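# Close look at the chain arrangement
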Amino acid sequence: MKITIIGSGYVGLVTGACFAEVGNDVLCFDLDEQKIDTLKRGGEVIHEPGLSPMIAGNVAAGRLNFSTDADFAVSFGDILFIAVGTPPDEDGSADLRHVLSAARMIGEKMASPKIIVDKSTVPVGTADRVRATVADALAKRGQAMDFSVVSNPEFLKEGAAIADFMRPDRIVIGTDDPQAMATLRALYAPFQRNHDRLLVMDCRSAELTKYAANAMLATRISFMNELANLADHLGADIDQVRRGIGSDSRIGYHFLYAGTGYGGSCFPKDVKALIHTARQNNEPLTLLTAVEHVNERQKHILVEKICRRLGEDLSGKKIAVWGLAFKPNTDDMREAPSRVLIKALRQKGATIIAYDPVAAKEAARVFHHEKIDVTFAESPMAAVRGASALVIVTEWKAFSSPDFAAIKNAMATPMIFDGRNIYDPAFVRAAGFEYFGIGRR
């Protein structure tokens, strides 16, 4: 099939590369000329394990191309995926300017019937707005052409997006058009040969499904974080509690890890957008509002622990930070807990030496923009030399089993604040460190 992906960001590139991987002809379109030029030259515009070689292989095979030509992009694909950003507005709502601009572009340039697929995460009712926008653009041209609008939300985890797309848990399709449904079923057939993973529903239910999924996962995270803070006061170990409740098949183990709060491009934005939608409909989501509040507080929990041990004035203290991205296997710094932590520590006078195996370049850009002074180390060991404390913020695998003896000898004070509970408290303490976890007694 011939597919156009409008928007060559995280979702668009993964979607385009994976569709090309199974034999489709794919064109990724974007207005950002620098991004498209980088992609044409084989450069990397986002970090996602496995994505760059997949793009390179399909470009070499002639199945994947990139363009900034809107006329060509709309004419190329029989199926047009809208995969543009929906950043949060000041009131928490999703900003649909890019989505509706893409819809308008399609209506202004299409010359044959199209299936238009909303891949972006959008509020309930967006498919109707896209349909109206395309119809309006066609009417202004004096044209009448068949087209369908389908909701097909993505469920990709950063750091595992290729696997999620190639081997999905489910494929949600929102449409009432049998022909569009048949086309999308054929398009997704290579990704569900083992068993049927398609869930067909109306557009509004599909749109709400995406928000509901992320809101549920965010709720589990905030629940465990709040419980971990209580465990600190009660002398309980939240990791043992996690094992105890996770063994219940009704609950399971996923997303039950206490830490420094969720971040990234999805959970914070989608929780805010769903809260806003509920408020607009006079049906406030009290639970989800609390989830967001707990998460914002949790991003400060390590600062509180550090200040309780080292004092409110951290002048002259060198703090080593391991991990900057909001999660492992990505360079995404959006809403990352490290940003809140480092800003607060700098305001209290601390010197920050940070290390991240992938996100250092993006972090440097972010902190420079925010006028926050951070020194970046070339290795984990370089970061801890002379440090008064080591703070773990992102659970990269490379941090899982370090040389604790070497770290202790390098630090001014052997002290670890483990924001992801990746170490055994007893083991670390036996190695001669003061250890502070999240809900770890």
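Residues numbered from 1 in each chain as written. Predicted model: local features only at pLDDT ≥ 70, side-chain atom pairs only at ≥ 80, totals over all residues. Heavy atoms only, no water.

## Side note on the state of the cysteines
Overall, the coordinates contain zero disulfides when judged by the stated rule. Residue Cys18 stays outside any disulfide, its sulfur separated by 11 Å from that of Cys28, the closest cysteine. By relative accessible area, Cys18 is classed as buried at 0%. Of all cysteine sulfurs in the structure, the one in Cys18 sits closest to Cys266, which takes part in no disulfide; the separation is 16 Å. (Disulfide = S-S within 2.5 Å. Buried < 20%, exposed > 50% of the residue type's maximum accessible area, 1.4 Å probe, protein only.)

## Some remarks on the nonpolar core
Ranked by internal contacts, the top residues of the largest apolar core, which has 39 residues, are Phe19, Phe81 and Tyr188. With eight residues, the single largest contributor to this core is helix 1 (residues 10–21). Tyr188 has contacts with Phe19, Phe81, Lys119, Asn152, Phe165, Ile171, Ile173 and Leu198, leaving out every residue within four places of it along the chain. One finds Ala258, Leu324, Ile342 and Ala344 within the second-largest nonpolar core, a separate group that totals 38 residues. (Core = buried A, V, L, I, M, F, W, Y, C linked by side-chain atoms within 4.5 Å. Helix = DSSP H or I, 4+ residues; strand = E, 2+ residues; numbered from the N terminus. Contact = heavy atoms within 4.5 Å.)

## Brief notes about the pattern of salt bridges
Tallied over the full model, the rule gives 25 salt bridges. Residue Lys348 is joined to Glu312 by a salt bridge in which the shortest nitrogen-to-oxygen separation is 2.7 Å. Residue Lys348 is found in the loop between helix 14 (337–347) and strand 10 (351–355), and its partner Glu312 is found in the loop between helix 13 (301–310) and strand 9 (318–322); the two are separated by 36 residues along the sequence. Residue Lys348 is classed as partly exposed on the basis of its relative accessible area of 25%. Here the salt bridges share partners, and the residues they tie into one network are Asp128, Arg131 and Arg204. (Salt bridge = Lys/Arg side-chain N within 4 Å of Asp/Glu carboxyl O.)

## As for helix 13
Working note: α-helix, 3.6 residues per turn, so residues spaced by three or four point in the same direction. Judged by how many residues are buried, helix 13 sits mostly within the fold: seven of 10 residues are covered. Every buried residue belonging to helix 13 is among Ile301, Leu302, Val303, Lys305, Ile306, Cys307 and Leu310, and all of these are buried. In the core, the buried residues of helix 13 are packed alongside helix 9 (203–234), helix 12 (286–298), strand 9, helix 14, strand 12 (389–392) and strand 13 (415–418). Where helix 13 ends, the next residue or the one after it, Gly311, has phi of about 100 degrees, a positive value.

## Points about helix 11 (residues 267–280)
The end-to-end C-alpha distance of helix 11 is 20 Å, a good match for the 20 Å that 14 residues give at a rise of 1.5 Å each. For helix 11, the tally of buried residues reaches 10 of 14 residues, placing the bulk of the element in the interior. Along helix 11, the residues classified as buried are Phe267, Pro268, Lys269, Asp270, Val271, Ala273, Leu274, Ile275, His276 and Ala278. In this fold, the buried residues of helix 11 make contact with helix 9 and helix 12. (Expected span 1.5 Å × (residues − 1).)

## A few points about the packing of helix 13 against helix 14
At a minimum axis separation of 9 Å, helix 13 and helix 14 run at an interaxial angle of 35 degrees. Between helix 13 and helix 14 lies a crossing of right-handed hand. Contacts from Leu302, Val303 and Ile306 in helix 13 reach Leu341, Ala344 and Leu345 in helix 14. Here the residues of the contact of helix 13 with helix 14 sort into six nonpolar, no polar and no charged. (Axes fitted to C-alpha atoms, helices over the stretch in contact; angles between N-to-C directions. Left-handed = near helix turned anticlockwise from the far one by under 90°. Nonpolar A, V, L, I, M, F, W, Y, C, P; charged D, E, K, R; others polar.)

## Quick word on the pairing of strand 5 (residues 114–118)
Among the five residues in strand 5, five count as buried, and that is most of the element. Every second residue of strand 5 is oriented toward a common face, with Lys114, Ile116 and Asp118 on one face and Ile115 and Val117 on the other, all of them buried. In this fold, the crossover linking strand 4 (residues 79–82) to strand 5 by way of helix 5 (residues 97–109) has right-handed handedness. Viewed along the sheet, the connection from strand 5 through helix 6 (residues 126–140) into strand 6 (residues 147–151) turns out right-handed. (Right-handed = clockwise from strand over helix to strand, strands pointing away.)

## Points about the environment of Asp332
By the element assignment, Asp332 lies in the loop between strand 9 and helix 14. Residue class for Asp332 comes out buried when judged on its relative accessible area of 7%. Linking Asp332 and Tyr262, residues 70 residues apart in sequence, is a C-alpha distance of 12 Å. Beyond its immediate chain neighbours, meaning those up to four positions away, Asp332 contacts Glu158, Ser265, Ala325 and Phe326. A polar contact is formed between the side chain of Asp332 and the side chain of Arg334, at a distance of 2.9 Å. (Polar contact = N/O pair within 3.5 Å; in protein donor to acceptor, adjacent residues only side chain to side chain.)

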